[in-house]
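# Descriptive analysis of the structure
Here is how the chains run, residue by residue.
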Amino acid sequence: MPSSAEPKASPTGGVQSLERAFDLLERMADAGGEVGLSELSASSGLPLPTIHRLMRTLVACGYVRQQPNRRYALGPRLIRLGESASRLLGTWARPYLARLVEETGETANMALLDGDEVVYVAQVPSRHSMRMFTEVGRRVLPHSTGVGKVLLAQATDDEVRALLARTGMPAATEKTITTPEGFLEALFRVRETGYAVDDNEQEIGVRCLAVPVPDSPTAAAISISGPAGRVTEAAVEKIVPVLQEVAAELSVALANTTGSG
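Report follows, based on the coordinates.

About the thresholds
- All residue numbers here refer to positions counted from 1 along the written sequence of the relevant chain.
- Totals for whole chains, interfaces and linings use all residues, but because this is a predicted model, local features are given only for residues with pLDDT of at least 70 and pairs of side-chain atoms are given and counted only at 80 or more.
- Think of the side-chain values as coming from all heavy atoms in the structure, minus any hydrogens and water.
- Exposure classes here rest on a 1.4 Å probe applied to the protein chains alone. A residue is buried below 20% of its type maximum, exposed above 50%, and partly exposed in between.
- A helix here means a DSSP run of H or I that spans at least four residues, while a strand means a run of E at least two residues long, and both kinds are numbered starting from the N terminus.
- Note: two strands are recorded as paired if DSSP finds a minimum of 2 bridges between them.
- Arc, as used here, means the arc of the directions from the helix axis to the C-beta atoms.
- Residues count as neighbours in contact if any of their non-hydrogen atoms are within 4.5 Å of one another.
- In protein, a polar contact requires one atom able to donate a hydrogen and another able to accept it; more generally it is a pair of N or O atoms within 3.5 Å, and residues adjacent in sequence count only if both atoms are side-chain atoms.

## Some words on the pairing of strand E8 (residues 206–212)
Burial analysis of E8 places 6 of its 7 residues in the buried class, which makes it a mostly covered element. With antiparallel pairing between neighbouring strands as the criterion, strand E7 (residues 196–199) and E8 make up a hairpin whose turn holds 6 residues, including Asn200 at a positive phi of roughly 65 degrees. In this sheet, strand E9 (residues 220–227) lies alongside E8 in antiparallel orientation, the contact comprising 7 bridges. Among the inter-strand pairings, Val211 is bridged to a residue of E9, identified as Ile222.

## Here we look at helix H6 (residues 157–167)
Owing to its 3.6 residues per turn, the α-helix brings residues three or four apart onto one side. Of all the positions in H6, only Val160, Leu163 and Leu164 are classed as buried. Down the axis of H6, the buried side of the element spans an arc of 100 degrees, and every buried residue falls inside it. Along H6, the residues that are exposed and aim more than 90 degrees away from the buried face are Asp158, Ala165 and Arg166. Packing partners of the buried residues in H6 comprise helix H5 (146–152) and helix H7 (180–193). Looking one or two places after H6, you find Gly168, whose phi comes out positive at around 75 degrees.

## Quick word on the environment of Val240
As for its placement among the helices and strands, Val240 is situated in helix H8 (residues 233–259). On the accessibility criterion, Val240 (7% relative accessible area) is buried. For the pair Val240 and Leu209, spaced 31 residues apart in sequence, the C-alpha separation works out to 7.3 Å. When residues no more than four places from it in sequence are discounted, the contact partners of Val240 are Tyr195 and Leu209.

## Here we look at the side chain of Ser216
Turning to its location among the elements, Ser216 is positioned in the loop between E8 and E9. Look at Ser216 and you get buried, because its relative accessible area is 15%. For Ser216, the side chain forms a polar contact with the main-chain oxygen of Thr218, separated by 2.5 Å.

## Let's talk about the sheet that holds strand E6 (residues 139–140)
Spatially, the 6 strands line up as an open sheet ordered E6-E5-E4-E9-E8-E7, and their pairing is antiparallel. Lying at the two open borders of the sheet, with one neighbouring strand each, are E6 and E7.

The following block contains the structure:
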């Protein structure tokens, strides 16, 4: 006869309380990292006593902390998990970035949105002597990058305006977009075309092309960057389909990695 302490199974065959705990953590992240129990109950449909019990466990483990105002916030122990996961994501992406370099000749990158900043998690450099180099782990503001445009194209206009208000829009070059209206126009073009261009906006003489990784477990983008003399308008027509094809293959690989057990 099973013990009364045995975890309840979920319809997926997993442990129901674990599934619920992770669902609550994701709902907290979607809400900006801090929520009240009533908000979690309303969005998850779980009863308050269940949520309270799960949150108490997450607090005890350090994955959630209770604020002085009684609301709950994502805890510092999640940072180590996130950093390790982003490094692994970069490792899984490298063969696909290497293929981009083979087919386009330019440096290939992968980036994520971390808070209000873009962070580069993987790169494979071009073999050209004149090439672009972005250090893995480097953080930049999204308004001046192709990957930033792609990542924010998935957000609402209100969310984008709020982010830009927090970060400001400093000009990296004279071509950087420095107004919310100009940036929202650029995001509209990204949604229409499926790719973004950084045309000398982060660094003079450099053009980048970026596309989203569809259905990625966390919003991700891949890009190529190279001298503006090589990444021309004519080159865009050849490079963008390759970027989109590689992004689709990477998406499948990530789904298989996260879904294997």
